[in-house]
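# Coordinates in review
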Amino acid sequence: MFESGYLALFLASFLAATVVPFSSEALLSGMLAGGYDLYWCLGLATLGNWLGGMSSYGLGWLGKTEWIEKYLRIKHEQIEKTKRKIAGKEMWIAFFCWLPGVGDVIAVLLGLLKVNTWYVAIGMFVGKLLRYVVWALLTLKVIDLF
């Protein structure tokens, strides 16, 4: 039977990847310490965090270049120059959406710049998966110490 803890981890991971400050890593560690299945935890945390990140990207996509120019006072030429600079590196930039604090901003900016959705989705997924794998392995090592 699917336990409510897994749903909580999915939701926490989703929220943590949006502009809502939330720590899904603490919940993941607690669940692993409580004997929850490693693979279910990794899968649901990654999926939730990835979908949350993609929702931030989607919010950015809804934005308009004119808003960037007007509210952030960035000239159209600078926006186009930035697009050219990241061309060919979109997937690598999306990979870093896993970073605490700036990852959400990266996702929104990639959306605002209308970066290819597939590049963002793949890069972001890989980054978020690796983050949770590393966190889970560290958690399990600490648990083994006690």
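Let us look at the structure shown here. (Residues numbered from 1 in each chain as written. Predicted model: local features only at pLDDT ≥ 70, side-chain atom pairs only at ≥ 80, totals over all residues. Heavy atoms only, no water.)

### Some thoughts on the packing of aromatic side chains
One pass over the full model with this rule turns up 6 aromatic pairs. Residues Tyr57 and Trp61 carry aromatic rings whose centres are separated by 5.9 Å and whose planes lie at 50 degrees to one another, so their mutual orientation is tilted. Taken together, the residues span about one helical turn, with Tyr57 and Trp61 both in helix α3 (residues 38–62) at a distance of 4 residues. Where Phe95 meets Phe96, the ring centres are 5.1 Å apart and the plane angle is 85 degrees; that geometry is what we call edge-to-face. Of the residues examined, Phe95 reaches a relative accessible area of 18% and is grouped as buried. Through pairs of rings, three or more aromatic residues link up here, namely Tyr6, Tyr36 and Trp40. In this structure, Lys114 is placed above the aromatic ring of Trp61, and the distance from its NZ or CZ to the ring centre is 5.4 Å. (Phe/Tyr/Trp six-rings, centres within 6.5 Å; stacked < 30°, edge-to-face > 60°. Helix = DSSP H or I, 4+ residues; strand = E, 2+ residues; numbered from the N terminus. Buried < 20%, exposed > 50% of the residue type's maximum accessible area, 1.4 Å probe, protein only. Lys NZ or Arg CZ within 6 Å of the ring centre and 35° of its normal.)

### A look at the pattern of salt bridges
Scanning the model with the defined rule gives 2 salt bridges in all. A salt bridge links Arg131 to Glu25; the nearest nitrogen and oxygen atoms lie 3.3 Å apart. Placement of the pair is Arg131 in helix α8 (residues 117–145) and Glu25 in helix α2 (residues 24–33), with a sequence separation of 106 residues. Relative accessible area serves as the criterion here: at 16%, Arg131 is assigned to the buried category. With a shortest N-O distance of 3.6 Å, Lys83 and Glu80 are connected by a salt bridge. Here Lys83 and its partner Glu80 are both found in helix α5 (residues 76–86), 3 residues apart, which amounts to about one turn of the helix. By relative accessible area, which is 26% here, Lys83 ends up partly exposed. Under the relative-accessibility criterion, Glu80 is labelled partly exposed at 26%. (Salt bridge = Lys/Arg side-chain N within 4 Å of Asp/Glu carboxyl O.)

### Comments concerning the nonpolar core
Formed by 16 residues in total, the largest nonpolar core has its most connected members in Met54, Cys97, Leu110, Val115, Val120 and Met124. For this core, the secondary-structure elements that each account for two or more residues are α3, α5, α7 (102–112) and α8. Looking at this core, the element that brings in the most residues is α7, giving 4 residues. Residues contacting Met54, with those up to four places away along its chain left out, are Thr117, Val120, Ala121 and Met124. Within the second largest apolar cluster, 11 residues are counted, among which are Leu9, Cys41, Leu42 and Tyr132. (Core = buried A, V, L, I, M, F, W, Y, C linked by side-chain atoms within 4.5 Å. Contact = heavy atoms within 4.5 Å.)

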